[in-house]
Structure formats: C-alpha cells, structure tokens
Amino acid sequence: MKMLNKFTMLLFWGAILGSCYELPVSDDFTFVRHKGTDMPVWVKGQTDAEVFLIYLHGGPGGSSFIDIQNQFFAEIEETYAVVYYDQRASGNSLGQSDRSLLTLDQFVEDLDVVVQFVQTQYSPKHIVLMGHSWGGTLGTAYLLDPGLQDKISGWIEVDGGHSLGQNAYQYSRDYVLRVADSLLQQQQDVDQWEKIKAYYDGLTSWRDTEVILDHSGFVTQAGGYFYDEANREGLVGVNQVLLSETDFLALLAQNKQVVLHMDVWHYDFTEQLAQITIPTLLLWGQADGILPVELAHEAQAVLNLPPDQFYIFQESAHSPHYEQTELFNEKVIDFIREHIK
Amino acid sequence: MKSWLIPLGVTYCLLLLPIKGHGQTNFQELPSVSVGIGYFGELFTHPGLVLYGDFALNQDQNQWLTRVNLVHYRHRGHSANTLLLPELLFRRHTTRQSYWEASVGAGSLYQRAHGQVVEFTEGSFSPTTSGRFYFAPSLGLRHGRAFQMSNGHALVPNVGGRIFYQYPFHDFWLMRAAFDVSLSYQIK
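Conventions and cut-offs
- Residue positions are given per chain, counted from 1 along the sequence in the order it is written.
- As a convention, the first chain written is A and the first ligand written is 1, with the rest following in written order.
- Confidence filtering applies because this is a predicted model: local features only for residues at pLDDT of at least 70, side-chain atom pairs given and counted only at 80 or more, and all residues used for totals across whole chains, interfaces and linings.
- Secondary structure elements follow DSSP: runs of H or I of four or more residues count as helices, runs of E of two or more count as strands, with numbering from the N terminus.
- Field definition: a residue is buried when 20 or more other C-beta atoms are found within 10 Å of its C-beta, exposed when 12 or fewer are, and partly exposed for counts in between, with C-beta atoms placed from the backbone.
- Once C-beta atoms have been placed from the backbone, residue pairs whose C-beta atoms lie within 7 Å are recorded as contacts.
- Domain borders in the structure are assigned automatically or taken from a domain database.
- Residues are grouped as follows: Ala, Val, Leu, Ile, Met, Phe, Trp, Tyr, Cys and Pro are nonpolar; Asp, Glu, Lys and Arg are charged; all remaining types, including Gly, are polar.
- In this analysis, axes come from line fits to C-alpha atoms, helices being fitted only over the stretch in contact, and the angle between any two N-to-C directions falls in the range 0 to 180 degrees.
- Roughly parallel refers to an angle under 35 degrees, roughly antiparallel to one over 145, roughly perpendicular to one between 65 and 115, and oblique to any angle outside these ranges.
- Any two strands with at least two DSSP bridges between them are considered paired.
- Given the number of residues in a helix, its expected span is that number minus one, multiplied by 1.5 Å.

### Some details on the overall build of chain A
- Along its length, chain A carries 14 helices and 9 strands.
- For chain A, the residues scored as buried account for 46% of the 341 residues in total.

See the structure below:
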C-alpha cells in the first residue's frame, strides 16, 4: 500500500505542477490565419520603435523559433522591433492548408498578409525585411512586385537565395568538389570523397528532390553550413524539443514535406535585382557552401552597392547571424541607422 | 466525412460490443468496469489530463477490453488540444496483480492555436476562436498493477506511452508521442 500512496502523491503533484506549467505568453504573439494555415507571428523588442524588422526564415520549411530561442537578434531587439513568423506549413504553423498552396507565389501572398498585419497592429513608420537563405528567395520575390516593394523601406539579404538556379547549383557543386579535391590530396576518407565526386559526373541541375537532399548532405560533410563544426552544437537542445513553444515533431515533419513538394530550385532573380530600389544590405558568410559567396558578389554588382552595404563574414558559413552574432547585429543596426530614415 | 464523426461511431461500437458480447444491458453485470484519471504529457512535457473508462470483454489471463479516453493537453505558446479516443485493448496478466496491455484506437483531435488568432479575409483582420478537427489514430502500450481493496474493488496505478497521428496536418500525417501516468478504480 506504501507504493500506492507514493504513486497517488506523484500523480497529485504531477497534476499540480502540470496545471502551473502554463506560463504567460506575450501579448505580441498572434496566430495569423490565411488560406488554411495559422502562422505564428511573434513581435519582440521595441514595439514603439519607428522601424520594424520582419525576419524571413530559411528552408523552405524552416522555423524562426530556433532564431528566437537562441536570441540571435537580441541586440537588434534592444533598439527596434523584430517580427518573427513561421511560413505556411513550416515550423510551428498550424492548419490544414493544401499541398497545392506550397508555391513561391502563395508564400509571397502570405508575407504580404504578415506585412499588413504589422501595419494594422503597430503602424510603424518603416518596415524592413531581412531574409536568410530561402528567406532571401522569398524576400526578393516579394520586392520584385513594385506594389509590394512600396510598403517596404529596406532589404537585408543574409546568405540568401536570390538565385536558386543554375549558377547557384554550379557554385555550390564547385564548393563541394574543391573540398573533395583538397581532402583527397591529403588522403582523407578517399573512398567517400571519390564517390561524392563521381556523384556529380553528368549532373547538370539540382532541380530534383533526391539530388537536392543528397547535395545538401555533401555540403554538410564538406563543412559548408558551419565555419566551425563546433558551432552546430547547442543550436537545438533538449529545451527546444521539450520545454519551449516549438512543436519540434511538427517542425521536422513540415520541413520534410515542404522540401519534398516545393519546386523552388530553379528560381533565378539575379538579373532582376536592379528593380529593387530601396536601401539594401548584403551580408554573407565567406565559407558558405550551399549558397556560396560568389552569389553575393553577383548581387552586389547588379545592385551596385556601396561598401557599407555589403559585408562578408570571414569566420562564418551559411549563418553569420549564428556564427558571428555580435558583429552581425552591429552591421544590421548600422545599416538601419544610416539608411532607414 | 467529418473527422469528429469517426470517434463517435467507434465509441458507439466499442460501448455496444461488451454489452452485446455478454448479452447484458447493464454495466454492473459486466465482468469489470473501471474508470481512471491521470496526467497526459504530449512529448512528456506538454501537460494534460486524461479521463477514461474501461469495459472488459472477458476475465481471462489474456483479456480484451474497450476503452474511451477524453484527453485535454496544452502546448505553451502553441496550442490547446482535446482528444476523444476510443480504443480496443489486449491485456496480458503477468501475475495475479500485474499486467501489460497494448491498445489500438482511432479518435478525433480538436486543436486550437494558442492565444490570439486573427483571420485575414477581404483585406481586414478579425479575431476568431475556432480551431480544427483532425483524425487521430493511436497505438499504445501500458503497464498496470492492481491493489485489492477490502470491498473487492481495486486501485490500479498505470504507466504508459502511445504514438498517435494528426491528419490532415497541412496535408500529411503528423506523428505525436505521449506519456501518461494514471490511477484507475476497477469495479468487479
């Protein structure tokens, strides 16, 4: 009977603790519903500031909550408001949206709904978009619509996918091959790297789900996502899986679905970038292997950006906001202070 | 088909099954009935409460039962969820007091986004309180140990886990995992 008593007490205290678990959620957290999806929108920082920065997460199928929980933009939040949201069928978004809506056009429409939500709710003087990786594709596509660009005061592209087309594939493939040749010269993992090199024989594009997944794996092995592999540690911890607002099972499953079903690995907006006439900042990691730095130089040339609107992080790969957080925030704050008035 | 009709139909069948099977029309005349209450944790840490009722179909060492679960759990800053889940159970008694049981069921999950929800229609935002229904099939495993009481009934602590699915979650099957610890009162 002692065991039963202990069990009953455990149940009792479990129920008490469970009911106390509900922590206050910021008033600035809202789900925005549009065409079958509920997109979580979290506004953090100075909500009375004139400038609101809307962050477009990567993927497609990623989540901004990992950036929130790691507080990558905490210093920006000290001066401005930062708007995080999870895109359709991505991260923590909920709903029953149809697979046929997994298109770039629909994601642009959803972004405009979020922009309108921010305008309605906060009436900021300026809205700045900041897109990382796939977020760079989404932000660029949004700004190439003149009617939409008029709503935005500034654009920050971070290792972004303004091109996911042929040139991006070639630069990324060449990155992997350069690493392979270097390691083969050093006689490291010879079989593995010879197989990887052979994989690219006759391959001309990454517009295929299996190819993009294989290639992404090779970029990982070549160190193209993290300048220092040790930086990978701690990006997603037990807290993110079990104790945070993140629905980690949904995040993983949604990411897979979006990767499998979104046909995006052919968009190339490089030649159209000149149509973006608002102040623009390009931030890139020198060691990026999936969207290599050559893409940044191409964009800089088309946009004709002055030196203070273009910066290469020497000790970063695909995510300088993670690998060189302090310097990254400094560059963003300087840009907004100088160019968004 | 409305997904909430499925658990109602399955519940009706599972409740009818023990009654028909024993030619009884009164729960008190069935071999055993139990009711339980417990902690339900989706991914362990998203807290909830489970209420359930069991109806035994036989009294053998290998026992068949039906169960209806009503679960409510919350994921902070994410969603509030209510699950109505009828199940069929196979229970194997390992001793006179202990048993393991495996369950299979199909229910309905109602999920509502947490906090403020606004819907964008025709150029404006309006608050909404509605959530969505999902089809939720489930597989579970549970261990229990009965403590006999002087009146012949029994108190049974249970510990178990399950996986269940949420469909259509953005057009695909989303797997979820849950742990529960509960106390049931078994009426002979």
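Don't stop here, the text continues.
### With respect to the environment of B:Val117
- Tracing the chain through its elements places B:Val117 in strand β6 (residues 116-121).
- By C-beta crowding, B:Val117 is classed as buried, having 20 other C-beta atoms within 10 Å.
- Each C-alpha atom of the pair B:Val117 and B:Ser138 lies 29 Å from the other, and the pair is 21 residues apart in sequence.
- In this structure, B:Val117 is in contact with A:Phe31, A:Arg33, A:Asp38, B:Pro127 and B:Thr128, ignoring residues within four places of it in sequence.

### Some details on the domain arrangement of chain A
All names here are of chain A.
- For chain A, the assigned domains are domain 1 (29-166 + 231-339) and domain 2 (167-229).
- The C-alpha centroid of domain 2 is placed 26 Å from the C-alpha centroid of domain 1.
- At the interface, 25 residues of domain 1 touch 23 residues of domain 2.
- Looking at the side of domain 1 that touches domain 2, its residues break down into 10 nonpolar, 9 polar and 6 charged.

### Points about the packing of helix α4 (residues 104-122) of chain A against helix α5 (residues 134-143) of chain A
Residues and elements named next belong to chain A.
- Remark: α4 packs on α5, axes separated minimally by 9 Å, with the N-to-C direction vectors making an angle of 75°. Here α4 is positioned roughly perpendicular relative to α5, judged by the angle of their axes. Seen from α4, the contacting residues are Leu104, Phe107, Val108 and Leu111; seen from α5, they are Leu138, Ala141 and Tyr142.

### Here we look at the pairing of strand β8 (residues 132-145) of chain B
- Note that strand β5 (residues 98-113) of chain B and β8(B) share 14 bridges and pair antiparallel. The partner of B:Leu109 across the bridge, within β8(B), is B:Tyr134.

### So, the environment of B:Ala56
- On the secondary structure map, B:Ala56 appears in strand β2 (residues 46-56).
- Put simply, B:Ala56 and B:Phe120 are 64 residues apart on the chain and 49 Å apart in space, counted from C-alpha to C-alpha.

### Describing helix α11 (residues 248-261) of chain A
- A rise of 1.5 Å per residue sets the reference length of α11(A), with its 14 residues, at 20 Å; its end C-alpha atoms lie 20 Å apart and thus fit the reference within 8%.
- Taken together, the buried positions of α11(A) are A:Ala250, A:Leu251, A:Ala253, A:Gln254, A:Gln257 and A:Val258.
- Looking at the buried side of α11(A), the elements it contacts are β11 (172-187) of chain B.

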